Amino acid sequence: MGLRIQRGRRPVAGSFLQVPALQLHVSKTAMRASQKDFESALSQVKLLKDPGNEVKLKLYALYKQATEGPCNTPKPGVFDLINKAKWDAWNALGSLPKETARQNYVDLVSGLSSSSDSSSQVKPEADRKQRGYETLVVTSEDSITKIMMNRPAKKNAITTQMYNEIMLALKAASKDDSAITVLTGNGDYYSSGNDLSNFTDIPPEGIEEKAKSSAILLRDFVDCFIDFPKPLIAAVNGPAVGISVTILGLFDTVYASSRATFHTPFSHLGQSPEGCSSYTFPKIMGPAKAAEMLIFGKKLTAAEACAQGLVSEVFPDSTFQKEVWTRLKAYSKLPPNAMRISKQVIRNREKEKLHAINAEESRVLQERWLSDECTNAVMNFLTRKAKL
Ligand SMILES: CCCCCCCCCCC/C=C/C(=O)SCCNC(=O)CCNC(=O)[C@H](O)C(C)(C)COP(=O)(O)OP(=O)(O)OC[C@H]1O[C@@H](n2cnc3c(N)ncnc32)[C@H](O)[C@@H]1OP(=O)(O)O
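Note that the structure is a prediction, hence the values are computed from the model and not measured.

Calculation criteria
- Residues numbered from 1 in each chain as written.
- Predicted model: local features only at pLDDT ≥ 70, side-chain atom pairs only at ≥ 80, totals over all residues.
- Heavy atoms only, no water.
- Axes fitted to C-alpha atoms, helices over the stretch in contact; angles between N-to-C directions.
- Helix = DSSP H or I, 4+ residues; strand = E, 2+ residues; numbered from the N terminus.
- Parallel < 35°, antiparallel > 145°, perpendicular 65-115°, else oblique.
- Left-handed = near helix turned anticlockwise from the far one by under 90°.
- Contact = heavy atoms within 4.5 Å.
- Nonpolar A, V, L, I, M, F, W, Y, C, P; charged D, E, K, R; others polar.
- 1 Å grid on protein atoms, 1.4 Å probe; cavity = no way out; pocket = protein on both sides within 12 Å on 5 of 7 lines; lining within 4 Å.
- Points joined across faces, edges and corners; volume = space filled by probe spheres on them.
- Pairing = 2+ DSSP bridges.

Colleague: Any details on the packing of helix α7 (residues 207-227) against helix α13 (residues 336-368)? Residues and values, ideally.
Modeller: For any two helices packed against each other, the geometry comes down to the angle between their axes and how far apart the axes lie. Close contact between α7 and α13 brings their axes to 9 Å; oriented N to C, the two are set at 155°. What the angle tells us is that α7 and α13 run roughly antiparallel. In terms of crossing hand, the pair formed by α7 and α13 is right-handed. In this structure, α7 contributes Ala211, Lys212, Ala215, Leu218, Arg219, Val222, Asp223, Ile226 and Asp227 to the contact, and α13 contributes Lys351, Leu354, His355, Asn358, Ala359, Ser362, Leu365 and Gln366. In the contact of α7 with α13, the residues fall into eight nonpolar, four polar and five charged.

What follows is the structure, encoded as structure tokens:
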């Protein structure tokens, strides 16, 4: 039997970041005295830049308290992470009077507006930042588009939202005027791979439907790397796990910090290889070394990954950023059309094959996600019984 995490209510689409108070409408039960202020705060909040999940939870809780009074809905199940966090925040307000909650909401929004006004006097660096991404920081400078995974507190685990944002960023980078594109991570990890809480966001249609849509997402995600037309470089700033490792076989160059490790523990997770690694890894490092990684989950150091051809060059961690960016700035000055055409010559004859492999790996994984082996491994992580 597959993972059957029941959700009390229909899950909010996507991640919590897309959801909360920002989209709520004014309820008829809002208080008369400062209804205008409250309505104006509700409009204002939609214009603010993302205040972060913690503040959004506060806004959500105050809104609910102001419009409905004390928390009056059943506590969501333990795996219904998003709704449980929202419920906890609302419930924590206890019997706070509606009027006070409304006033607190207005005060909170007003505080956020003034801090966002002062930060809107942007520095030049902020200008280069592309807006609209919540899980990434995307910048374009010196003919380089840099896509940085930006969930450092979660080791840059890849949520559904992050998969979608990476696809958007790659599509934009393929059309912008940069010569090369770089993927990297913020914080101590490059990425811990698929965010295992993706398994808890089960729609009312059930786990099979979730597995089906996830296989489509995975396939589309990997297709973007297969089709990316410009030189694509990974700057692996720290440990890399799962899909963040497998897709490296689709990059043109991989630079690693001496602190990086490369780990694909698919069997441990009851899963199977993706990112075309079932084809690229044996080709890069030979079938025996690839099997140790992909079947037995052997973790490679940066030096080992370099010796086996997955990594182009390893830099000491202390000078990693400086050395890599100096190198990349030099490369980005090369004639962009020549680089793009060279990439096509190197990669194009494999493209059709890679798409077929991606489709097959995604199909196999769709079944794996419904297996007991996978269910148990994910549950063990989510209930804090196991880590890699
Ligand atoms: C029905 C099917 C739906 C599936 C949808 C799938 C979509 C496509 C999937 C494509 C296939 C991809 C496969 C993979 O990538 S497999 C690899 C998955 N990754 C892992 O198993 C890593 C799990 N994490 C860990 O083992 C440890 O966190 C780690 C060793 C990485 C770091 O340990 P450390 O002790 O240093 O740090 P913490 O564990 O305290 O981590 C800090 C916080 O970050 C959270 N975290 C880290 N990694 C993940 C993750 N991958 N998923 C979810 N959360 C993660 C961790 O829980 C901590 O959070 P808190 O501070 O809130 O406790």
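Colleague: Lay out empty space enclosed by the protein in plain terms, naming residues and giving numbers.
Modeller: Under the defined criterion, the tally for this structure stands at one cavity of 30 Å³ or more. Considered as a void within the structure, the largest cavity measures approximately 30 Å³ in volume. What lines the largest cavity is Met149, Ile158, Ile166, Leu183, Tyr190, Phe221, Phe225, Ser244 and Ile247. Split by residue class, the lining of the largest cavity holds eight nonpolar, one polar and no charged.

Colleague: I'd like a rundown of the pairing of strand β2 (residues 136-141), residues and numbers included.
Modeller: In terms of strand pairing, strand β1 (residues 129-130) meets β2 through two bridges, oriented antiparallel. Counted as the bridge partner of Lys129 is Thr139 from β2. Taken together, β1 and the strand that follows it, β2, pair antiparallel across an intervening segment of five residues, in which Gly132 is found at a positive phi of about 100°. Strand direction decides the pairing type here: β2 and strand β3 (residues 144-149), joined by six bridges, are antiparallel. Within β3, the residue paired with Thr139 across the bridge is Lys146. Remark: two residues form the turn of the hairpin made by β2 and β3, two consecutive strands paired antiparallel; Asp142 in that turn has positive phi of roughly 50°.

These results come straight from atomic positions and should not be treated as a statement about function.
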